[in-house]
Amino acid sequence: MEVTRLNFKEVLPVISNAIEDSSFIAIDAEFSGLTARKRENAMDTCDERYQKLINGIKDFTIVQFGICTFSWDDEQQQYIAKPFNFYIFPKPYNRQMPDMRFLCQSSSLDFLAGQGFDFNKWITQGVPFLLPPDEGRLRRMVGAYHDQATPNGAPSTPETEKAIPIPPAFEKTVELIMKKVEKFIEDPEQKLLSLPPSSPLVRKLVYSSVKAAHKTGLHLESKTNEDKDKFIMITKCSEQEKKDLENQKFDKEQVEVEQAVGFAKVIRLLSKSGKVILGHNMLLDLLHMIRLFVAPLPNNLDEFKALVKGILPRLIDTKVMASTEPLQGYFPLSHLQEVYKKSSEAPFVKPNVLFTEEFEDYSNSSKAHEAGFDAYMTGVAFIAMASFLEKQRDGSMPCAEMDFDIIKPFLNKIFLFPRMEDIPYLILDGKDLTPSRDHVFHIEHPDNWQFSDIQKLFKDFGYVYITKVNGSSAFVSVAKRERATKVMQKLDKDNLPYRIQTYKKYHGIDGDDDGDDDLALDGGGDVKDDIDGKDGIDGHGSSLNQSSTSTPSFDTPSKTPETVSSKRSKDDVSSSEVEEGELPDSPEPAKKKLKGQHTYFEEPNEW
């Protein structure tokens, strides 16, 4: 169902009921741009990545938001989907409120245009919203106007019996208007007077002059004509009638404030529901959603996690599911369309999701890349993957509503955008992974050095993965970790055109990494071979290690997905593994991993 400013008020109760009746809800967003990035690096820490993202997205906005609710129908033994597609545009409420500015990224607009995005509808009919601080200010402003009984849209005036001094340049204009007012008052037959359209300053001066000359018997209100010009309307009335008119105006302004708050109400409904919220590669969706509709983004990652937990306590990122064993092997690519397609094929069983009559427009795939339909695809893929996991656990396909215990290992783990080398996701309700990076070195080098120069420098240590920080520095990961201990001894010399230091020293980390939060990177066997008769939502990820460990067991779905394959955008459908809108990583001067080839993390015991 398409939702614009024209039907938002009527559709909001439908949305509220759909959310309340749902088993779970999928979301998706389209943006005016992705990141004005300070280049993200595969060797970022989680805190560094968060800082880069919040600084990179702050000038962009959401242009379209999709919500699809899924409710289980006991009678039909099927899920019922209700997708909503919102055009979102920050239409300014009035002159006193900020006129929101945002950037557009040409690649993002080109992508949207290629998918048939209606830019005219976005601007002329987009559902408005207010930034959280602006909503409070607007409500206070409207309340103050009401208390002082001033015209709508005119700046408030002090409660004084004296008129505001009139600047000489406006004396003649105000004098002519006041003569019309006096003539109107003397005419017993005339009840209303519409003054000519005028500027805000003239309206303020006229309002002040009339109030000073006539304490009672008149009600003044600012109106807007068909040409959108503002004028003052004066009504003769008793004091009670005047009070009633003021109350009517206040009620009208309250309705307008609610309209201005707009889409933020939908986010509040999602938060209030406490339902499981799905997204695919949803970190940017979360960041924008909170920044635009809830509260300013905290500067601290832990504070962000606490904020998210308070607003949306149960989140599932289907990209994490599709990038994790035992599902990872079925999804060579993990962008949304590919996951949706593959989860409809054997060994998965495509869910037979039904639409009610008013949502039948979404019964075909022609609306792909529309936020509402992408939310629908996310939910369908989720059902298919969860059903597959239930089958692995129970030995037969489920025939009832989903057992949500099966997806607990994925709860509140959000895929990191863009991909990180050895930290596949943020843990929103706990401490993030802190893998050992003893095999990683930071090198500062001359500006004219190429990747081949760095590769040549490290030639005695085997394969390396080079991640550029900027034009004169890079992180270098040594694939054969046992050789990493010799790097500093051999390369850290004086009077050379480069400077090399360990990852720990570069980040000012003292001592050795220890504790259960460290990840040992390894290249273990295939978990899928150990699923029969056991359980297992096991994690695999992209690292550069070559040791081996035992394979984790698969008892109940209590394991946590821990690694993710090469990252792709939910919208990118090319053969490249680069996310849509993401700059490709620096080319590796060493041997690249083959398509479908993965290395693995060892699973910490407490998972």
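A quick note: this is a predicted structure, and the numbers were derived from the prediction, not measured. (Residues numbered from 1 in each chain as written. Predicted model: local features only at pLDDT ≥ 70, side-chain atom pairs only at ≥ 80, totals over all residues. Heavy atoms only, no water.)

> Would you take a moment to explain the packing of helix α6 (residues 171-186) against helix α7 (residues 200-213) for this structure?
Any two packed helices are characterised by how steeply their axes cross, that is the angle between the axes, and by the distance between the axes. Running from amino to carboxyl end, α6 crosses α7 at an angle of 45 degrees, the nearest separation of the two axes being 10 Å. With respect to their mutual orientation, α6 and α7 come out oblique. As α6 packs across α7, the resulting crossing turns out to be right-handed. Judged by residue contacts, Thr-173, Val-174, Ile-177, Met-178 and Val-181 of α6 engage Val-202, Leu-205, Val-206, Ser-209, Val-210 and Ala-213 from α7. Of the residues that constitute the contact of α6 with α7, the class distribution is nine nonpolar, two polar and no charged. (Axes fitted to C-alpha atoms, helices over the stretch in contact; angles between N-to-C directions. Helix = DSSP H or I, 4+ residues; strand = E, 2+ residues; numbered from the N terminus. Parallel < 35°, antiparallel > 145°, perpendicular 65-115°, else oblique. Left-handed = near helix turned anticlockwise from the far one by under 90°. Contact = heavy atoms within 4.5 Å. Nonpolar A, V, L, I, M, F, W, Y, C, P; charged D, E, K, R; others polar.)

> How do you make sense of helix α11 (residues 301-311) when you look at a structure like this?
Each turn of an α-helix holds 3.6 residues, which means side chains three or four residues apart point in the same direction. Considered for burial, the residues of α11 that qualify are Leu-301, Phe-304, Lys-305, Val-308 and Ile-311. For α11, the angular spread of buried residues about the axis comes to 135 degrees, placing them on one side. Across from the buried face of α11, at angles greater than 90 degrees, the exposed residues are Asp-302, Ala-306, Lys-309 and Gly-310. Buried-residue contacts for α11 involve α2 (46-57), α9 (264-273), α10 (283-293), β9 (315-317) and β12 (425-427). Two to three positions downstream of the cap, the backbone nitrogen of Asp-302 sits 2.8 Å from a side-chain oxygen, assigning the N-cap of α11 to Asn-300. (Buried < 20%, exposed > 50% of the residue type's maximum accessible area, 1.4 Å probe, protein only. Arc of directions from axis to C-beta. Polar contact = N/O pair within 3.5 Å; in protein donor to acceptor, adjacent residues only side chain to side chain.)

> Is there a simple way to think about the confidence of the model for the protein chain in this case?
For any part of a model where pLDDT is low, the fine detail of the predicted coordinates should not be relied upon. Across the protein chain, the average pLDDT comes to 80, with 79% of residues at 70 or higher. Strand β8 (residues 276-279) holds the highest mean pLDDT among the elements of the protein chain, 98, whereas strand β18 (residues 600-601) holds the lowest, 30. Counted against residues more than four places away or in other chains, residues 150-160, with its pLDDT under 50, gives 28 contacts. Predicted confidence is poor over residues 512-607, with pLDDT under 50, and the contacts of this stretch with residues over four places away or in other chains come to 276 contacts. (pLDDT = per-residue confidence, 0-100.)

> Explain the side chain of Thr-235 here, please?
Considering the arrangement of structural elements, one finds Thr-235 in strand β7 (residues 230-236). If we skip the residues at most four places from it in the chain, Thr-235 touches Lys-191, Leu-192, Gly-217, Leu-218, His-219 and Leu-245.

> What is the right way to look at a negative patch on the surface in this model?
A surface patch of like charges, here negative, comprises Glu-357, Glu-358, Glu-360 and Asp-361. Relative to the helices and strands, Glu-358 resides in the loop between β10 (354-355) and α14 (371-394). Judged by its relative accessible area of 46%, Glu-358 is partly exposed. (Patch = residues over 30% accessible without salt bridge, like charges linked within 9 Å, V, L, I, M, F, W, Y side chains within 5 Å. Areas by Shrake-Rupley, 256 points an atom, 1.4 Å probe, with all protein chains shown as cover. Salt bridge = Lys/Arg side-chain N within 4 Å of Asp/Glu carboxyl O. Lys, Arg positive; Asp, Glu negative; His and termini not counted. Charge placed at Lys NZ, Arg CZ, Asp CG, Glu CD.)

> Which parts of the structure should I look at to understand the pattern of salt bridges?
For side chains of opposite charge, pairing can occur when their charged atoms come near one another. Overall, the coordinates contain 15 salt bridges when judged by the stated rule. Measuring nitrogen to oxygen at the nearest pair gives 3.7 Å for the salt bridge that ties Asp-438 to Lys-504. Of this pair, Asp-438 sits in the loop between β12 and β13 (440-444) while Lys-504 sits in helix α18 (residues 503-506), placing them 66 residues apart in sequence. A single network of salt bridges, built from pairs that share partners, joins Glu-390, Arg-393, Asp-394 and Asp-403.

> For this particular structure, what's the right way to read the packing of aromatic side chains?
Given two aromatic rings, their pairing is described by the distance between the two centres and the angle made by the two planes. Taken as a whole and judged by the stated rule, the model has 30 aromatic pairs. Residues Tyr-87 and Phe-117 carry aromatic rings whose centres are separated by 5.4 Å and whose planes lie at 45 degrees to one another, so their mutual orientation is tilted. You can see Tyr-87 sitting in strand β4 (residues 78-87) and its partner Phe-117 sitting in the loop between α3 (106-114) and α4 (119-125), a full 30 residues away along the chain. In this structure Phe-117 comes out as buried when scored by relative accessible area, which is 11%. When the ring of Phe-129 is compared with that of Phe-293, the centres are 5.1 Å apart and the planes differ by 85 degrees; the resulting orientation is edge-to-face. Of this pair, Phe-129 sits in the loop between α4 and α5 (132-148) while Phe-293 sits in helix α10; the two residues are 164 residues apart in sequence, bridging distant segments of the chain. Overall, Phe-293 belongs to the buried group, its relative accessible area being 3%. Among the aromatic residues, those joined into a cluster by ring pairs are Phe-24, Phe-70, Trp-72, Tyr-79, Tyr-340, Phe-355, Phe-373, Tyr-376, Phe-382 and Phe-404. Above the face of the Phe-451 ring, Lys-468 is positioned so that its terminal group lies 5.9 Å from the ring centre. (Phe/Tyr/Trp six-rings, centres within 6.5 Å; stacked < 30°, edge-to-face > 60°. Lys NZ or Arg CZ within 6 Å of the ring centre and 35° of its normal.)

> I keep staring at the environment of Tyr-330 and nothing clicks. Help me out?
Assignment of secondary structure puts Tyr-330 in the loop between α12 (318-322) and α13 (336-342). Of the residues examined, Tyr-330 reaches a relative accessible area of 30% and is grouped as partly exposed. Separated by 13 residues in the primary sequence, Tyr-330 and Ser-343 have C-alpha atoms spaced 8.4 Å apart. Here Tyr-330 is in contact with Lys-342, Pro-347, Phe-348 and Phe-388, once residues within four sequence places are set aside.

> Teacher, can you tell me more about the sheet that holds strand β16 (residues 499-502) here?
By definition, the strands of a sheet pair up through backbone hydrogen bonds, in either a parallel or an antiparallel sense. In space, the four strands of this open sheet follow the order β14-β15-β13-β16, with antiparallel pairing throughout. Two strands close off the open sheet at either side, each with one partner strand: β14 (464-470) and β16. When strand polarity is set aside, the average angle formed by the axes of neighbouring strands in this sheet is 25 degrees. Where β13 meets strand β15 (residues 473-478), five bridges bridge the pair, whose relative direction is antiparallel. Directly across from Ile-443, in β15, lies its bridge partner Ala-474. (Pairing = 2+ DSSP bridges.)

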